[in-house]
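# Summary of the model geometry
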Amino acid sequence: MQTQLATQVTPELRERFSTAKKVLVLTGAGVSAESGVPTFRGGGTSAVWKGMPFDVISSAQMVERDLPAVWEWFDYRRGVLNQVEPNPAHYVIASWQDRFPEFTLVTQNVDGLHRRAGSRNPIELHGSMWHARCIDCHARFEIPRIGLRPNDCMSCGDRLRPDVVLFGETLPPGAFELAFEVATQCDFCLVVGTSGLVYPAAGLPEIAKQAGAYLCEVNPERTPLSDLCDVLLTGKAGELLPRLN
Ligand code: BJW
């Protein structure tokens with residue numbers, strides 16, 4: 001079947017969405033773009049920190065080599081997040097959790113904006129910038145506000161690192177397994193603002209498709225996932241998602 005291209009919500013899409021029973025929404029950095037959070041692969045200079053590409057500074061090797069630099073990078077990004085608000089896409093996604101019999105939000109984002117918009121239990125596949133984790137005993141600590149980042153582990157005293165999944169690292173235990181399970185059971189899968197390049201998250205839409213779900217992608221650009229989708233809604237999430245209601 002060919003992917004249908006649309007810039008507006010079509011009657012078929014609205015009908016499919018409104019009659020769905022088990023909805024899975026997978027989001028990526030693009031859902032936060034209209035809040036002013038830079039995407040990773042959106043061009044410009046945003047994905048470079050002090051001359052280092054983000055896949056260098058956001059890497060397991062850098063945690064070993066220069067943990068203070070990694071903290072500096074994440075402290076800077078939490079500072080940016082402090083200045084921004086969730087946008088209409090975050091809010092409408094949060095509203096859907098009470099609309100469908102079964103609804104799951106799976107996000108690759110570590111910015112916490114879905115929670116700030118009211119999403120109760122997002123599966124945060126790549127962790128959260130608002131948590132630190134002990135490099136030794138793996139105890140997790142919330143970073144409630146800027147300036148309140150704990151320095152050392154309160155359980156064992158060892159060093160803390162951002163509780164974020166960096167390149168080459170494994171996802172938090174159980175998170176992908178849960179997302180996988182939901183993908184095999186959903187009847188409608190909405191893929192929003194992701195370049196579809198990073199696995200295993202990028203594999204979820206195909207799992208949903210194989211299980212028979214209707215797939216809709218919302219993105220201003222085509223991605224490697226577009227051909228898999230039933231419909232590609234071309235445009236910005238903050239403008240298009242509220243129109244699905
Ligand atoms: C808009 C918009 C608007 C703009 N509205 N849309 C299978 C095949 C190949 C490789 C692998 C594989 N399995 C594993 C790998 C390796 C690797 C990987 O996938 N590499 C590929 C890049 C080649 N994966 C991993 O390493 C993962 N670990 C793992 O699998 O562990 C097991 C294992 C271990 C060891 C060896 C092998 C396996 C971990 C991945 C962790 C990713 N971490 C990051 C960084 C987080 C830290 C930080 O924040 O600094 O997570 S990478 C970065 O990419 C971040 C994102 O969550 C992730 C996805 O990016 P996303 O969200 O798609 O954003 P962008 O910027 O790419 O795209 C934005 C999109 O929005 C664009 O399409 C725009 O058009 C769109 N947009 N405005 C709607 N208004």
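Residues numbered from 1 in each chain as written. Predicted model: local features only at pLDDT ≥ 70, side-chain atom pairs only at ≥ 80, totals over all residues. Heavy atoms only, no water.

### A closer look at the overall build of the protein
- A count of helices and strands for the protein gives nine helices and 12 strands.
- Computed over its C-alpha atoms, the radius of gyration of the protein comes to 18 Å, within 12% of the 18 Å expected for a compact globule of 245 residues.
- Reported as C-alpha extents along the three principal axes, the dimensions of the protein are approximately 55 × 35 × 30 Å.
- When the 245 residues of the protein are sorted by exposure, 52% land in the buried category. (Helix = DSSP H or I, 4+ residues; strand = E, 2+ residues; numbered from the N terminus. Rg over C-alpha atoms; globule rule 2.2 N^0.38 Å. Buried < 20%, exposed > 50% of the residue type's maximum accessible area, 1.4 Å probe, protein only.)

### As for the pattern of salt bridges
- Per the stated rule, a full pass over the model turns up 12 salt bridges.
- Here Arg140 and Asp163 are joined by a salt bridge, their closest N and O atoms 2.5 Å apart. Taken together, the positions of Arg140 in strand β8 (residues 140-142) and Asp163 in strand β9 (residues 160-164) put the pair 23 residues apart, joining distant regions of the chain.
- Classification of Asp163 by relative accessible area gives buried; the value is 9%.
- What you see here is one network of salt bridges that share partners, running through Asp75, Arg78 and Arg149. (Salt bridge = Lys/Arg side-chain N within 4 Å of Asp/Glu carboxyl O.)

### Let's talk about the domain arrangement of the protein
- Once the domains are mapped, the protein shows domain 1 (1-36 + 86-126 + 173-245) and domain 2 (38-83 + 129-164).
- Computed from C-alpha coordinates alone, the two centres of domain 1 and domain 2 are separated by 26 Å.
- Summing both partners gives a buried area of about 820 Å² for domain 1 against domain 2, and 62% of it is carried by carbon and sulfur.
- When the buried area of domain 1 at its contact with domain 2 is split by residue, Ala29, Val110 and Asp111 rank highest and sum to 45% of it.
- Here domain 1 is connected to domain 2 by zero salt bridges.
- Across the domain 1-domain 2 interface, the total number found is three residue pairs in polar contact (both at pLDDT 80 or more).
- Of the residues assigned to the side of domain 1 that touches domain 2, the class counts are six nonpolar, five polar and two charged. (Domains from an automatic or database assignment. Buried area = accessible area lost by both parts, 1.4 Å probe. Polar contact = N/O pair within 3.5 Å; in protein donor to acceptor, adjacent residues only side chain to side chain. Nonpolar A, V, L, I, M, F, W, Y, C, P; charged D, E, K, R; others polar.)

### Section: the state of the cysteines
- Taken as a whole and judged by the stated rule, the model has zero disulfides.
- A disulfide-free cysteine, Cys137 has its sulfur positioned 3.7 Å from the sulfur of Cys153, the nearest such atom.
- Accessibility expressed as a relative area gives 36% for Cys137, which makes it partly exposed.
- Residue Cys189 stays outside any disulfide, its sulfur separated by 5.1 Å from that of Cys186, the closest cysteine.
- Under the relative-accessibility criterion, Cys189 is labelled buried at 0%. (Disulfide = S-S within 2.5 Å.)

### Some remarks on the site of the ligand
- Around the ligand, the structure places 34 residues, and the nearest of them are Arg41, Ser58, Glu169, Thr194 and Ser195.
- Taking His126, its side chain carries an N or O atom lying 2.8 Å from an oxygen atom of the ligand.
- At 3.0 Å, a backbone N or O of Ala237 approaches a nitrogen atom of the ligand.
- Isolated, the ligand exposes 1,500 Å² of accessible area, and the fraction of that covered by the protein chains is 75%.
- Grouping the constituent residues of the shell around the ligand by class yields 16 nonpolar, 12 polar and six charged.
- For the shell around the ligand, the domains that each give at least three residues are domain 1 (1-36 + 86-126 + 173-245) and domain 2 (38-83 + 129-164). (Near = heavy atom within 4 Å. Areas by Shrake-Rupley, 256 points an atom, 1.4 Å probe, with all protein chains shown as cover.)

### What to know about the sheet that holds β9
- The strand order β8-β7-β9 describes an open sheet built from three strands, whose pairing is antiparallel. Two strands lie at the open edges of the sheet, namely β8 and β9, each paired on one side alone. Here the strands of the sheet are splayed against their neighbours by 40° on average, with no regard to which way each runs.
- Where strand β7 (residues 127-134) meets β9, four bridges bridge the pair, whose relative direction is antiparallel. (Pairing = 2+ DSSP bridges. Axes fitted to C-alpha atoms, helices over the stretch in contact; angles between N-to-C directions.)

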